[in-house]
Amino acid sequence: MKLEKEDYTILKVKYEKEQQEKVSFLQQIRVFSLLPKTSLVQLADALVPVTFTPNKVVIKQGESSLMVYVIKAGKAKMVKHLAVPSIGKRSELKVLQLCTLSAGDYFGEQPVVEPSLFATQQHSVFSFGTLHCLAVTAKEFQKIVTGRPLEVLKKYEAKFPTDEVLLAHYCQRKQWERYKQGMVEQVIKEKQFGRRGLSNWVQPL
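Note that the structure is predicted; figures quoted are calculated from it, not measured.

Trainee: Tell me about helix α6 (residues 147-159), and please be specific about residues and values.
Mentor: Three or four residues apart is the spacing at which side chains of an α-helix point the same way, because the helix has 3.6 residues per turn. For α6, spanning 13 residues, the distance from its first C-alpha to its last is 19 Å, which sits close to the expected 18 Å at 1.5 Å a residue. For α6, the set of buried residues is P149, L150, V152, L153 and E157. End-on, the buried residues of α6 take up no more than an arc of 160 degrees, which puts them together on one face. Exposed side chains of α6 directed beyond 90 degrees from the buried face belong to K155, A158 and K159. Buried residues belonging to α6 abut α2 (30-33), β5 (106-107), α4 (110-113) and α5 (138-144).

If you want it as structure tokens, here you go:
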């Protein structure tokens, strides 16, 4: 099929506009702003738009990494499935919410950036409302994001809390919640006792 010169010009202008929009967007994200201009353009060309409906699992903990995502608009929740000690049981699987992601945040890069540390995805991410992302394959991401930006990403991943740290924080929080609950229950009991004690002193006329 022969493409008319006018149609070609229209498509070329549209492509260049979309490319520049993606480049400008990436430049606002610190780690990608460190990329050389040529690599930035390559990454922009490799990114494809993808939309997820509300409550859709985008990446799943324990699975291999196929794509890296950058949020263009909307929000997502990052959660961790973690086995925690439970009374009378060996362990109980809990879902811990780690953080909320929004425009400019990226995810799915852990096994790509540090395959020696993270063989699979270390957490799950699901859409919180309609989620608009730009996605690139893990293979393309590895090929384009090198040098200084890659080193920065590795530093970020090294700071990511381990399962042991998350478990310790979870247990501390639960202990505090039980302590607070105990305090409230004690106050309620004292109030109930006080009301009963007062009623004993009130005699009908």
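There is more to say after this.
Trainee: Pulling in residues and values, what's your account of the pattern of salt bridges?
Mentor: One pass over the full model with this rule turns up three salt bridges. Linking K80 and D163 is a salt bridge whose minimum nitrogen-to-oxygen distance equals 2.8 Å. Taken as a pair, K80 in strand β3 (residues 67-86) and D163 in helix α7 (residues 163-201) lie far apart in primary sequence, 83 residues in all. E92 is the salt-bridge partner of K94, the closest N and O atoms lying 3.6 Å from each other.

Trainee: Describe in detail helix α3 (residues 37-46), supporting the description with residues and values.
Mentor: Those residues of α3 that fall on the buried side of the exposure criterion are S39, L40, L43 and A44. The buried side chains of α3 occupy one side of the element, clustering within an arc of 140 degrees when seen end-on. Those residues of α3 that are exposed and angled more than 90 degrees off the buried face are K37 and T38.

Trainee: Break down the packing of aromatic side chains for me, with residues and values.
Mentor: Where two aromatic rings form a pair, the distance of their centres and the angle of their planes describe that pair. Across all of its chains, the model carries four aromatic pairs by this definition. A centroid spacing of 5.4 Å and a plane angle of 55 degrees characterise the contact between F32 and Y106, whose relative ring orientation is tilted. Pair noted here: F32 is in helix α2 and Y106 is in strand β5, with a separation of 74 residues, a long-range link. Both residues of the pair, F32 and Y106, count as buried. Both rings, one in F32 and one in F141, keep their centres 6.3 Å apart while their planes meet at 85 degrees; by these two values the pair is edge-to-face. One end of the pair, F32, is in helix α2; the other, F141, is in helix α5, and 109 residues separate them in sequence. Accessibility assignment for this pair places F32 and F141 in one class, buried.

Trainee: Can you break down the pairing of strand β6 (residues 124-137) residue by residue, with the values?
Mentor: Note: strand β1 (residues 48-52) against β6, five bridges, orientation antiparallel. Opposite F52, over in β6, you have L131 as the bridge partner. Judged from the two bridges that link them, strand β2 (residues 57-59) and β6 form a sheet pairing that is antiparallel. Bridge pairing in β6 places I59 opposite V125. Taken together, the 11 bridges between β3 and β6 define a ladder with antiparallel strand orientation.

Criteria and cut-off values
Residues numbered from 1 in each chain as written. Predicted model: local features only at pLDDT ≥ 70, side-chain atom pairs only at ≥ 80, totals over all residues. Heavy atoms only, no water. Helix = DSSP H or I, 4+ residues; strand = E, 2+ residues; numbered from the N terminus. Expected span 1.5 Å × (residues − 1). Buried < 20%, exposed > 50% of the residue type's maximum accessible area, 1.4 Å probe, protein only. Arc of directions from axis to C-beta. Contact = heavy atoms within 4.5 Å. Salt bridge = Lys/Arg side-chain N within 4 Å of Asp/Glu carboxyl O. Phe/Tyr/Trp six-rings, centres within 6.5 Å; stacked < 30°, edge-to-face > 60°. Pairing = 2+ DSSP bridges.

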